[in-house]
Amino acid sequence: PVLCVDTTALSSGINAEYGEEHPEAMIIDGTPCLISEQIEWEQRYPWASHPPYTNADIIRYISPDAKIIAIVRDPVERLWSDFLYFDQGQQRTAGMFAEEIVEEIDRFKACLESRDLRYCCFSDQNSLRIELSIGIYICFIQDWLENFGDRLLVLTLEEYHENQQETLLNLFDFIGVSVDEEKLKMFLISTETINQRKKSGITQGDMFEETREKLRHFYGPYNVMLARYLQNRKYLWGYSDEYLHY
């Protein structure tokens, strides 16, 4: 997901309920699909080989001083979690996931035979019931970095899980908010995790190891591209080193 934090696009109507202005308030949007989604651009611009503009372009135009926080996850685990979370009562299984992975990878590779990576990532013609291309983060992060430069902070879900307090302190420092470290620590201790995997997903266990290896082979080269672009090995997620020659 992407968090857009704006400290400048404020008006006297931001707190209309009380009729007050809050000059230190921040407007924050955390729409998960903001990082990548560009719905139906192919239908609107049939002549275009790429989206003429992205969400990053729009936000920069509306709010050029916004700060952007992108949170990415190991794309293999993200895809499995996404598959289970949006099961819509279908009781999805590891077997179903394995079948759809093969079909979607083949579909994406077929796209690359006639189109470039950017087109295939943004095209909604390449996703069936799972969104394989969302995990090719390099396609989307480039737009945000080109538009916002040092006003973009990219975090991984893994580093947040490993050290929540330090990650949040870095985040607050990035957006210019001072926090009491002890109060933050107590808040994290007392707060329950929300938006977790549904019970139906938990009972399904894990994806097949063969499926995981297939996905790592697919995402590995793109993880390397991201790690090089952002100059940080954490985006290799521990299994992409073998693709460093790409």
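Here the structure is a predicted model, which means the values were calculated and not measured.

The rules behind each value
Residues numbered from 1 in each chain as written. Predicted model: local features only at pLDDT ≥ 70, side-chain atom pairs only at ≥ 80, totals over all residues. Heavy atoms only, no water. Helix = DSSP H or I, 4+ residues; strand = E, 2+ residues; numbered from the N terminus. Polar contact = N/O pair within 3.5 Å; in protein donor to acceptor, adjacent residues only side chain to side chain. Buried < 20%, exposed > 50% of the residue type's maximum accessible area, 1.4 Å probe, protein only. Arc of directions from axis to C-beta. Disulfide = S-S within 2.5 Å. Axes fitted to C-alpha atoms, helices over the stretch in contact; angles between N-to-C directions. Parallel < 35°, antiparallel > 145°, perpendicular 65-115°, else oblique. Left-handed = near helix turned anticlockwise from the far one by under 90°. Contact = heavy atoms within 4.5 Å. Salt bridge = Lys/Arg side-chain N within 4 Å of Asp/Glu carboxyl O. Patch = residues over 30% accessible without salt bridge, like charges linked within 9 Å, V, L, I, M, F, W, Y side chains within 5 Å. Areas by Shrake-Rupley, 256 points an atom, 1.4 Å probe, with all protein chains shown as cover. Phe/Tyr/Trp six-rings, centres within 6.5 Å; stacked < 30°, edge-to-face > 60°. Lys NZ or Arg CZ within 6 Å of the ring centre and 35° of its normal.

J.: Help me get a handle on the environment of Asp180, residues and values and all.
T.: Among the structural elements, Asp180 can be located in the loop between helix H8 (164-175) and helix H9 (181-190). In this structure the C-alpha to C-alpha distance between Asp180 and Leu169, which are 11 residues apart in sequence, comes to 9.5 Å. Within polar-contact distance, the side chain of Asp180 engages the backbone nitrogen of Glu182 at 2.9 Å.

J.: Requested: an account of helix H2 (residues 55-62), with residues and values cited.
T.: Two residues of an α-helix separated by three or four positions point the same way, owing to the 3.6 residues in each turn. Along H2, the positions that sit buried rather than exposed are Asn55, Ala56 and Ile59. The arc that holds the buried residues of H2, viewed along the axis, is 100°, so those residues lie on one side.

J.: So what about the state of the cysteines? Which residues, and what values?
T.: One pass over the full model with this rule turns up two disulfides. With a sulfur-sulfur separation of 2.1 Å, Cys111 is cross-linked through a disulfide to Cys120. Judged by the sign of its S-S torsion, about -95°, the cystine formed by Cys111 and Cys120 is left-handed. Exposure class is identical for Cys111 and Cys120. Each is buried. For Cys121, the disulfide goes to Cys139, at an S-S distance of 2.4 Å. Handedness of the Cys121-Cys139 disulfide follows from its S-S torsion of about 55°: it is right-handed. Separated by 18 residues along the polypeptide, Cys121 in helix H5 (residues 117-122) and Cys139 in helix H6 (residues 138-148) bring together distant segments of the chain. Of the two residues examined, Cys121 and Cys139, each falls in the buried class. Disulfide partners in the protein, listed by the sequence order of the bonded cysteines, are 1-2, 3-4.

J.: Let's hear about the packing of helix H4 (residues 94-112) against helix H11 (residues 209-230): which residues, and what values?
T.: What describes two packed helices is the angle between their axes and the distance between those same axes. With their axes 10 Å apart at the nearest point, H4 and H11 run at an angle of 25° to one another. Taken together, H4 and H11 sit at an angle that is classed as roughly parallel. Like other packed secondary-structure pairs, H4 and H11 cross with a definite hand, here left-handed. Contacts between H4 and H11 pair Phe97, Ala98, Ile101, Val102, Ile105, Phe108 and Leu112 from the former with Thr211, Lys214, Leu215, Phe218 and Tyr222 from the latter.

J.: So what's going on with the pattern of salt bridges? Residues and values would help.
T.: According to the stated counting rule, one finds eight salt bridges in the structure shown. The salt bridge partner of Lys234 is Glu159, with a shortest N-O separation of 2.7 Å. Here Lys234 is found in the segment after H11, whereas its partner Glu159 is found in helix H7 (residues 157-162), with 75 residues between them in sequence. Between Arg212 and Glu209 there is a salt bridge; the shortest N-O distance is 3.1 Å.

J.: Before we move on, can you summarise a nonpolar patch on the surface with the specific residues and values?
T.: A grouping of Ile58, Tyr61 and Ile62 is seen on the molecular surface, where their side chains present a nonpolar patch of about 390 Å² in accessible area. With respect to the element layout, Ile58 can be found in helix H2.

J.: Kindly report on the packing of aromatic side chains, identifying the contributing residues and their values.
T.: One pass over the full model with this rule turns up 13 aromatic pairs. Ring centres of Trp41 and Tyr119 lie 5.6 Å apart, and the angle between their planes is 80°; on these two criteria the pair is classed as edge-to-face. Of this pair, Trp41 sits in helix H1 (residues 41-44) while Tyr119 sits in helix H5, placing them 78 residues apart in sequence. Residue classification places Tyr119 among the buried residues on the basis of a relative accessible area of 12%. Centre to centre, the rings of Phe83 and Phe97 are 4.9 Å apart; their planes meet at 50°, and the pair counts as tilted. Taken together, the residues span a long stretch of sequence, with Phe83 in helix H3 (residues 75-85) and Phe97 in helix H4 at a distance of 14 residues. As far as the burial class goes, Phe83 and Phe97 line up, both buried. An aromatic cluster of at least three residues, connected via ring pairs, comprises Phe108, Phe218, Tyr219 and Tyr222. The cationic tip of Lys67 hangs over the ring face of Phe174; the distance from NZ or CZ to the ring centre is 5.3 Å.

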